[in-house]
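Report on the structure
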Amino acid sequence: MQWRDVLRARLRSSLVVFSLFSSALHAAPVSVAGFAFGGDFASAADRFPYTFKLFKAQSAAKNQQGGLSYLVSDRAKSVKNPDFEFTPGGLVSLKSSDKALMAVLMLTGETVAVDNFGAYHKTFIALRGDALIFDYKSQTIVRSCPVVTVLFDAQPQRPSDEHIEGFVNNMIRRDDEKGLVSQFAQCLERSRQPRDSGHTVQVRRAEAAPEAIAMLPQSLRKSPAAIEALIADLFSSALSSKLGISMLPSSIGHAIGGVMTMRLENGDDYKIKLNEGDYVFDLRLNKFAKIKVSENNVGTAYVFGTYFDIKFLEPTLNTVYLDSSLKNGETAVLPAGLVTGDDFAAYQDAMRGLALKFSDSLANPGSKWISSAASAKNISSQLDSARDILGKCK
């Protein structure tokens, strides 16, 4: 009888393993709820003036191709993901549904700056958001991926509000990788169900030193918080795409008292818990630099540099895994005869380049860039420690 008991025990064990393996293969159903404004809806018109105008103008056509939620849901139809099965939820209320998971494109930031440089008016627009998969029953985030799109434009006359609305509309709708909705769909494609560890990662803090802010266009100096949020989302987006990890929304401007609020286009309001990440990045933009490297009859080449302090740590016990200053330069050629220019576009490229190269160094050991960009002499061992932790957070 003893061998039969052993056989039964092994059979039960095999069945349990098979059951767990089968459930792991099952794609979790997710209802795509569409487009949402982050934060208190009563102030949405002030915080997102141009997107909100588009939302109001297109709401009458929300069951057609004009509505933002329709567009988000329609793009999600083509998403193929072995871990999640995305079903467009339309614009009906899902609060009474038996499905726990919902996906939404939540707009968290809209920055528009117009400055006069010589004979031209230069426009800078940044739209920031999060592709969220959340459980509306437990009010918790399951997966999160930041999305960011930026535009620079120059023209002889100051752009009208209608002109800027056209820019914003295109930035949301364009179907290449720069479009906000396209980035949302890409985030859904690479999202994976959380591992058993459930450890979370977040850009907790992003600061900009006065020296760096002083080199920004005049209109942007008035809103350093918007620049700090843009920095946080640039790094979060790069880390998420390069490392394949879910990044909790940055705590900058997203939540009050650990609760993040949003309203869907169909009028449903949601509150989601936003705790601090188990592991966090703290960023500080120290300064920008512009160095001439060559000049000829065609133009002058400059290296536009940016300098950051980056720290990666476990905040509860204050265990630091990576702590170093980093620098990055990107070359740009200014045409001959240009009397005055706006350098912010080049500085923004330098910041984005640093975020991407740093993330690539974490994803791929042996980066040549990091050895010359980092101030820490033991940066290789620091990267190994950070890489090990981040590998467990997928």
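Every value quoted in this text rests on a predicted model; they were computed, and no experiment measured them. (Residues numbered from 1 in each chain as written. Predicted model: local features only at pLDDT ≥ 70, side-chain atom pairs only at ≥ 80, totals over all residues. Heavy atoms only, no water.)

**Remarks on the overall build of the protein**
- Helix and strand content of the protein: 12 helices and 12 strands.
- Intrachain contacts of the protein at a sequence separation of at least 6 include 72% that bridge at least 24 residues.
- As presented, the protein carries roughly 18,900 Å² of accessible surface, and 51% of it is formed by carbon and sulfur atoms. (Helix = DSSP H or I, 4+ residues; strand = E, 2+ residues; numbered from the N terminus. Contact = heavy atoms within 4.5 Å. Areas by Shrake-Rupley, 256 points an atom, 1.4 Å probe, with all protein chains shown as cover.)

**Let's talk about the nonpolar core**
- Phe281, Ile310, Phe312 and Phe358 are the most contacted members of the largest nonpolar core, which totals 55 residues.
- No other element matches the nine residues that helix α9 (residues 224-243) contributes to this core.
- Not counting residues within four places of it along the chain, the set of residues in contact with phenylalanine 312 comprises Val201, Tyr279, Val280, Phe281, Thr319, Val320, Tyr321, Leu322, Ala386, Ile389 and Leu390.
- In terms of nonpolar packing, the next biggest core, distinct from the first, is built from 41 residues, Val30, Leu107, Leu127 and Cys187 among them. (Core = buried A, V, L, I, M, F, W, Y, C linked by side-chain atoms within 4.5 Å. Buried < 20%, exposed > 50% of the residue type's maximum accessible area, 1.4 Å probe, protein only.)

**Concerning the sheet that holds strand β11 (residues 299-314)**
- The strand order β7-β6-β10-β11-β12 describes an open sheet built from five strands, whose pairing is mixed. Looking at the sheet topology across the chains shown, the edges are occupied by β7 (247-248) and β12 (319-335).
- Relative to β11, strand β10 (residues 279-295) runs antiparallel, the two sharing 14 bridges. Counted as the bridge partner of leucine 283 is isoleucine 310 from β11.
- Where helix α12 (residues 379-391) meets the sheet, it contacts β6 (201-208), β10, β11 and β12, and its direction lies at approximately 105 degrees from that of β12. (Pairing = 2+ DSSP bridges. Axes fitted to C-alpha atoms, helices over the stretch in contact; angles between N-to-C directions.)

**What about α9?**
- The first and last C-alpha atoms of α9 sit 28 Å apart over 20 residues, in line with the 28 Å expected at 1.5 Å per residue.
- Following α9 by one or two positions, glycine 244 adopts a phi angle in the positive range, close to 70 degrees. (Expected span 1.5 Å × (residues − 1).)

**Looking at unusual backbone geometry**
- Its identity as a non-glycine residue notwithstanding, glutamine 139 has a phi of 60 degrees, on the positive side.
- The residue glutamine 139 is located in the loop between β4 (120-135) and β5 (140-155) in this model.
- A positive phi angle is found at asparagine 318, which is not glycine, with a value near 55 degrees.
- Of note, asparagine 318 is situated in the loop between β11 and β12.

**A closer look at the pattern of salt bridges**
- Within this structure, the stated rule accounts for 15 salt bridges.
- The partner of aspartate 282 in a salt bridge is arginine 205, and the shortest N-O contact between them spans 3.0 Å. Here aspartate 282, found in strand β10, pairs with arginine 205, found in strand β6; they are 77 residues apart in sequence, far enough to count as distant.
- Salt bridges sharing partners connect three or more residues here, namely Arg204, Arg205, Glu276 and Asp282. (Salt bridge = Lys/Arg side-chain N within 4 Å of Asp/Glu carboxyl O.)

**Some remarks on the confidence of the model for the protein**
- Per-residue confidence for the protein gives a mean pLDDT of 85; residues scoring 70 or more make up 85%.
- Scored below 50 in pLDDT, residues 1-25 shows one contact in the model against residues more than four places distant or in partner chains. (pLDDT = per-residue confidence, 0-100.)

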